[in-house]
Amino acid sequence: MLAGFRSLVRKATSLFGSDESRQLPLEIPRDKHTFSRKNISPNALKVLYRLHEAGFDAYLVGGCIRDHLIGIEPKDFDVVTNATPEEAHALFSNSRLIGRRFKLVHVTYGREIIEVSTFRANTAAQHPAESDQRKSLKDKDTARSSHGIILRDNVYGSIEEDAERRDFTFNALYYNIADFSINDYCGGLADIEKRQIRIIGDARQRYQEDPVRMLRAIRFAAKLNFSIEPETAAPIKEMAHLLDHIPPARLFEEVLKLLGSGNGTETFKLLREYGLFKYLFPDTDALLKSGWQRKDIDPEAFILQGLQNTDERIQGGRSTAPYFLYAILLWPSVALRHEEFEKQGLPELPALHQAATMVLDNQVAATAIPRRFSTPMREIWDLQFRLPKRYGKRAFTLLHHPRFRAAFDFLLIREQSGTDLGGLGNWWNDFQQAPENQQRDLINRADDRKAGGEAPKAKRRRPRRRKSSNAKRSQEQ
């Protein structure tokens, strides 16, 4: 897949001599690379041209260039410019200013959003006094937490400074709309050729500035099938604890990118290998490390099967709901807590509700889960105990439950991971496709009471109430 790209790198770098004498940045002219305006979103081109025509520098940056050179179809087109956010915002009536940590401009074209950012300077050398850190962030352009994490970074600079403050070398590639050249400021082309992920600058310092960079390294390794360069990988296990200082809402979004982008299975393995998973799913990680399992669930096999099914859906062009992903990752912990509450004497469903509440309360301390997601998760778990009960009208009622399809898919994952549910998945599959008369036959055959020779109890008829004598007289009159 990279054969054509390797040829491009050799041609481009030959313009600058040997590896030892090569100088950065590299400027690859239009006739030496394959990235074309045909590969760019028309809306991104509109933004680039308008900025350029207004007298500003305008570049595409990062992932769209990297993905094209690797052979992946670019999806996100981010624009960077020397225009301030306010100046860029003024050029587009269909734009809005967003962000405090990083002030950005979002230009909206229907469902597509083109993100425009301003060249930023590297503020790593700035260490505000402790008294300044305690003050409000209001009106500050740059600020850090007591742990060194960047809280705000709106100090603008040159394109060279902007490249140095980006995370990985292959994300510091810029496409110049003025002459259609690609500019490589940090050796990203060479790292793509080596199929490696290398952080820009000192890894420890960059992870301290933003611990989420560790998660991004894992995500790119799984997505691109690249290795993490040794100096980039070395501090991750030691510094993983810094994720505790990232807001849970931000980590929730990162989990969706990590595990919900079509490479979840490999990402899950890498997160555990580098000691990051426990800061995203502490209960699940503790359970996996304990080795707990029982006859009806093998936690690791279940999670891997769920992630594999999700990957296949996404790679096949189908969507998956965030709540379904979280329901998979938290189900083993729910099963464990449910068992504990049942041993304490709680009935099956109340024990489930207590278990779900405990697991979700523990999880939101790590990654926030909006209620619009936690409620469907509860319903999927609840239906795992209701789907086996198919007699009478229950099967028809369950079939029309708004969360039935998700619960059915969840049930299939349980079976595929080794849980023996007595063919329940096949039964529900047949039931969905059968006409009504055959559905009733399926219900009769699945009715445990009839299968065991026990006839359903006849309803006791209530005796008719005798009318009082006064009522009779009133009717006679």
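All of the points below concern the structure found in this document. What you see is a predicted model; the values in this text were computed from it and never measured.

### Thoughts on the overall build of the protein
(1) Moving on: Each helix and strand counted, the protein has 24 helices and twelve strands in total.
(2) Moving on: In the protein, which comprises 477 residues, the share counted as buried stands at 48%.
(3) Moving on: Counting only contacts in the protein whose residues sit at least 6 apart along the sequence, the fraction spanning at least 24 positions is 67%.
(4) Moving on: Looking at the protein as shown, the accessible area adds up to about 24800 Å², and 46% of this sits on carbon and sulfur atoms.

### With respect to the nonpolar core
Across soluble globular proteins, you tend to see nonpolar side chains buried next to one another.
(1) Moving on: Counting 108 residues, the largest nonpolar core has Leu51, Leu259, Leu276 and Trp381 as its most contacted members.
(2) Moving on: For this core, the element with the highest residue contribution is helix 16 (residues 322-343), accounting for 13 residues.
(3) Moving on: Setting aside chain neighbours within four positions, we find tryptophan 381 in contact with Ala327, Leu330, Trp331, Val334, Leu352, Ala356, Leu360 and Phe410.
(4) Moving on: Counting 17 residues, the second largest nonpolar core, distinct from the first, contains Phe404, Phe408, Leu424 and Phe431.

### Some remarks on the packing of helix 14 (residues 282-290) against helix 15 (residues 299-315)
(1) Moving on: It is at 9 Å that the axes of helix 14 and helix 15 come closest, and there the two elements cross at 130°. Judged by the inter-axis angle, helix 14 sits oblique to helix 15. From helix 14, Thr284, Leu287 and Leu288 reach across to helix 15, where they touch Pro299, Glu300 and Ile303.
(2) Moving on: Within the contact of helix 14 with helix 15, the residues separate by chemical class into four nonpolar, one polar and one charged.

### Topic: helix 17 (residues 348-363)
(1) Moving on: Here helix 17 contains 16 residues, and its C-alpha end-to-end distance of 22 Å stays within 8% of the 22 Å for a straight helix at 1.5 Å per residue.
(2) Moving on: What helix 17 keeps buried is the set Leu349, Ala351, Leu352, Ala355, Ala356, Val359, Leu360 and Gln363. Angular distribution of buried residues about the axis of helix 17 spans 155°; they occupy a single face of the element.
(3) Moving on: Elements that come into contact with the buried residues of helix 17 comprise helix 14, helix 16 and helix 18 (371-386).

### Some thoughts on the packing of aromatic side chains
(1) Moving on: This structure, assessed with the given rule, holds 23 aromatic pairs.
(2) Moving on: Between phenylalanine 268 and phenylalanine 277 the ring centres are 5.2 Å apart and the planes differ by 90°, which places this aromatic pair in the edge-to-face class.
(3) Moving on: A ring pair is formed by tryptophan 331 and phenylalanine 410, whose centres lie 5.5 Å apart and whose planes are at 85°; its orientation type is edge-to-face. With tryptophan 331 in helix 16 and phenylalanine 410 in helix 20 (residues 404-416), this residue pair connects regions lying 79 residues apart in the sequence.

### Details of the environment of phenylalanine 324
(1) Moving on: Relative to the elements of secondary structure, phenylalanine 324 occurs in helix 16.
(2) Moving on: Residue phenylalanine 324 is classed as buried on the basis of its relative accessible area, which comes to 10%.
(3) Moving on: Between the C-alpha atom of phenylalanine 324 and that of proline 376, which follows or precedes it by 52 residues, the distance is 8.1 Å.
(4) Moving on: Apart from the residues lying within four places of it in its own chain, the contact partners of phenylalanine 324 are Ile380, Ala406, Asp409, Phe410 and Ile413.

### Overview of the side chain of aspartate 162
(1) Moving on: Within the secondary structure, aspartate 162 sits in helix 6 (residues 159-164).
(2) Moving on: Beyond its immediate sequence surroundings of up to four residues, aspartate 162 is in contact with Val80, Thr118, Phe119, Arg120 and Tyr174.

### Concerning the pairing of strand 3 (residues 78-81)
(1) Moving on: Bridging between strand 2 (residues 58-61) and strand 3 involves four bridges; their strand directions are antiparallel. Residue alanine 58 lies in a different strand from strand 3, and its bridge partner there is threonine 81.
(2) Moving on: Relative to strand 6 (residues 112-118), strand 3 runs parallel, the two sharing four bridges. Pairing of valine 79 across the sheet is with valine 116, part of strand 6.

Calculation criteria
- Residues numbered from 1 in each chain as written.
- Predicted model: local features only at pLDDT ≥ 70, side-chain atom pairs only at ≥ 80, totals over all residues.
- Heavy atoms only, no water.
- Helix = DSSP H or I, 4+ residues; strand = E, 2+ residues; numbered from the N terminus.
- Buried < 20%, exposed > 50% of the residue type's maximum accessible area, 1.4 Å probe, protein only.
- Contact = heavy atoms within 4.5 Å.
- Areas by Shrake-Rupley, 256 points an atom, 1.4 Å probe, with all protein chains shown as cover.
- Core = buried A, V, L, I, M, F, W, Y, C linked by side-chain atoms within 4.5 Å.
- Axes fitted to C-alpha atoms, helices over the stretch in contact; angles between N-to-C directions.
- Parallel < 35°, antiparallel > 145°, perpendicular 65-115°, else oblique.
- Nonpolar A, V, L, I, M, F, W, Y, C, P; charged D, E, K, R; others polar.
- Expected span 1.5 Å × (residues − 1).
- Arc of directions from axis to C-beta.
- Phe/Tyr/Trp six-rings, centres within 6.5 Å; stacked < 30°, edge-to-face > 60°.
- Pairing = 2+ DSSP bridges.

Nothing here speaks to function; it is geometry throughout.
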